[in-house]
Amino acid sequence: VNGLHFSRSAVLKPFVTGNALKIISGLTNFDESIVRKVAFAASVGGASHVDIACRADLVRAAKSVSSIPVCVSSISPREFVDAVNAGADMVEVGNFDGFYDCGMKFSANDVLSLAKETRGLLPDIPTSVTIPHTLSIEEQIELAKELEILGVDIIQTEGKVSALEERMGSVVNAMEKARPALASSFALSRAVKVPIMAASGLSDITAALALASGARGVGIGSMVTQFKDQDKMIEAVHRIAQAMG
């Protein structure tokens with residue numbers, strides 16, 4: 001039912017079964033009409049979650065057109081409270097991609113303190129935390145272990161994908177883009193028991209590889225949001241869902 005608030009177990013179930021597919025409309029995308037389109041496409045196309053910018057009106061918009069859990073992303077934990085009150089089912093500390101292009105960097109301590117603040121504000125809401133790709137694999141593993149102790153529900157990896165990257169092209173290009181997220185998923189899934197979600201640079205070509213690398217879910221944005229047309233968005237989501245089996 002549209003507008004439904006999902007239980008904690010319902011939100012996390014796709015990660016337990018290992019086939020979560022989160023469509024990401026973008027942490028800095030505040031265009032309500034695009035958010036609606038992405039949320040509708042995610043819901044109809046067969047995704048398990050949709051991830052949107054953290055604002056109450058956007059949560060209500062996404063909820064009104066979709067029947068899957070809505071996740072909100074931010075690097076400001078206080079913003080989560082209003083979004084959750086508006087119906088958000090899950091919070092994501094991160095999706096830092098947009099900030100790297102502005103020259104911002106996030107240390108392991110930055111991420112850990114954001115995660116602690118979020119857990120303090122919303123102890124019962126499913127929480128996902130992105131581990132910056134700018135950390136070495138050793139630092140990523142260390143941070144993942146700290147987040148596991150903190151009680152974070154999902155750990156999200158990322159790769160280096162700048163806003164200037166060309167669109168998804170050849171298979172080789174797709175593999176190259178996915179490489180950092182796959183490497184992190186492989187390493188982190190063996191270091192912690194928290195489910196890993198692979199994100200950044202993934203497509204229908206590489207989604208199944210992410211699961212094979214140890215991820216319990218994938219987060220995909222540009223492969224869907226590159227389209228303006230609603231039907232093409234739905235088609236893209238459907239292609240990814242099918243590729244994941």
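Everything below is about the structure printed above this text.
Notes on the structure follow.

The rules we used
Residues numbered from 1 in each chain as written. Predicted model: local features only at pLDDT ≥ 70, side-chain atom pairs only at ≥ 80, totals over all residues. Heavy atoms only, no water. Helix = DSSP H or I, 4+ residues; strand = E, 2+ residues; numbered from the N terminus. Rg over C-alpha atoms; globule rule 2.2 N^0.38 Å. Buried < 20%, exposed > 50% of the residue type's maximum accessible area, 1.4 Å probe, protein only. Axes fitted to C-alpha atoms, helices over the stretch in contact; angles between N-to-C directions. Parallel < 35°, antiparallel > 145°, perpendicular 65-115°, else oblique. Left-handed = near helix turned anticlockwise from the far one by under 90°. Contact = heavy atoms within 4.5 Å. Nonpolar A, V, L, I, M, F, W, Y, C, P; charged D, E, K, R; others polar. Pairing = 2+ DSSP bridges. Salt bridge = Lys/Arg side-chain N within 4 Å of Asp/Glu carboxyl O.

## A closer look at the overall build of the protein chain
Right, so step 1: Across its full length, the protein chain carries 11 helices and eight strands.
Right, so step 2: Taken over C-alpha atoms, the radius of gyration comes to 16 Å for the protein chain, in line with the 18 Å a tight globule of 245 residues would show.
Right, so step 3: Considering only C-alpha atoms, the protein chain reaches an extent of 45 × 40 × 35 Å along its principal axes.
Right, so step 4: Counting over 245 residues, the protein chain shows a buried share of 53%.

## Considering the packing of helix H7 (residues 137-150) against helix H8 (residues 171-191)
The packing of two helices is summarised by the inter-axis angle and the distance between the axes.
Right, so step 1: Across the interface, H7 lies against H8 with an axial gap of 10 Å and an inter-helix angle of 45°. With respect to H8, the axis of H7 lies oblique. For the element pair H7 and H8, the recorded crossing hand is right-handed. Where H7 approaches H8, its residues Ile137, Gln140, Ile141, Ala144 and Lys145 are matched on the opposing element by Ala183, Ser184, Ala187, Leu188 and Ala191.
Right, so step 2: Tallied by class, residues from the contact of H7 with H8 come to seven nonpolar, two polar and one charged.

## A short note on the side chain of Ser128
Right, so step 1: Structurally, Ser128 can be placed in strand S5 (residues 127-130).
Right, so step 2: On the accessibility criterion, Ser128 (1% relative accessible area) is buried.
Right, so step 3: Contact partners of Ser128, with chain neighbours within four places excluded, come to Met90, Val91, Glu92, Val93, Ile154 and Gln156.

## A closer look at the sheet that holds strand S1 (residues 20-24)
Right, so step 1: Strand order around the closed barrel formed by eight strands is S1-S2-S3-S4-S5-S6-S7-S8, with parallel pairing between neighbours. Within this sheet the neighbouring strands show an average axis-to-axis angle of 25°, counted without direction.
Right, so step 2: Both strand S6 (residues 154-156) and strand S7 (residues 196-199) contribute to a ladder of two bridges, which runs parallel. Across the sheet, residue Gln156 finds its bridge partner in S7, namely Met197.
Right, so step 3: Strands S1 and strand S2 (49-53) of the sheet are contacted by helix H2 (residues 32-45), whose axis makes an angle of about 170° with S2.
Right, so step 4: On the sheet, helix H11 (residues 230-243) packs against S1 and strand S8 (217-220) and is oriented at approximately 155° with respect to S1.

## Side note on the environment of Phe106
Right, so step 1: Take Phe106: it is sitting in the loop between helix H5 (97-100) and helix H6 (108-121).
Right, so step 2: For Phe106 and Pro132, which are 26 residues apart along the polypeptide, the C-alpha to C-alpha distance reads 6.8 Å.
Right, so step 3: Residues within four places of Phe106 in sequence aside, it is in contact with Ile75, Phe96, Phe99, Tyr100, Val111, Pro132, Thr134 and Leu135.

## So, the environment of Pro123
Right, so step 1: Tracing the backbone shows Pro123 in the loop between H6 and S5.
Right, so step 2: Residue classification places Pro123 among the partly exposed residues on the basis of a relative accessible area of 47%.

## Looking at the pattern of salt bridges
Right, so step 1: Applying the stated criterion across every chain yields a total of 11 salt bridges.
Right, so step 2: Ionic pairing is found between Lys63 and Asp89, a salt bridge with its closest N-O pair at 2.7 Å. Highlighted residues: Lys63 in helix H3 (residues 56-65) and Asp89 in the loop between helix H4 (78-85) and strand S4 (90-93), separated in sequence by 26 residues. The pair Lys63 / Asp89 is uniform in exposure class, with both members buried.

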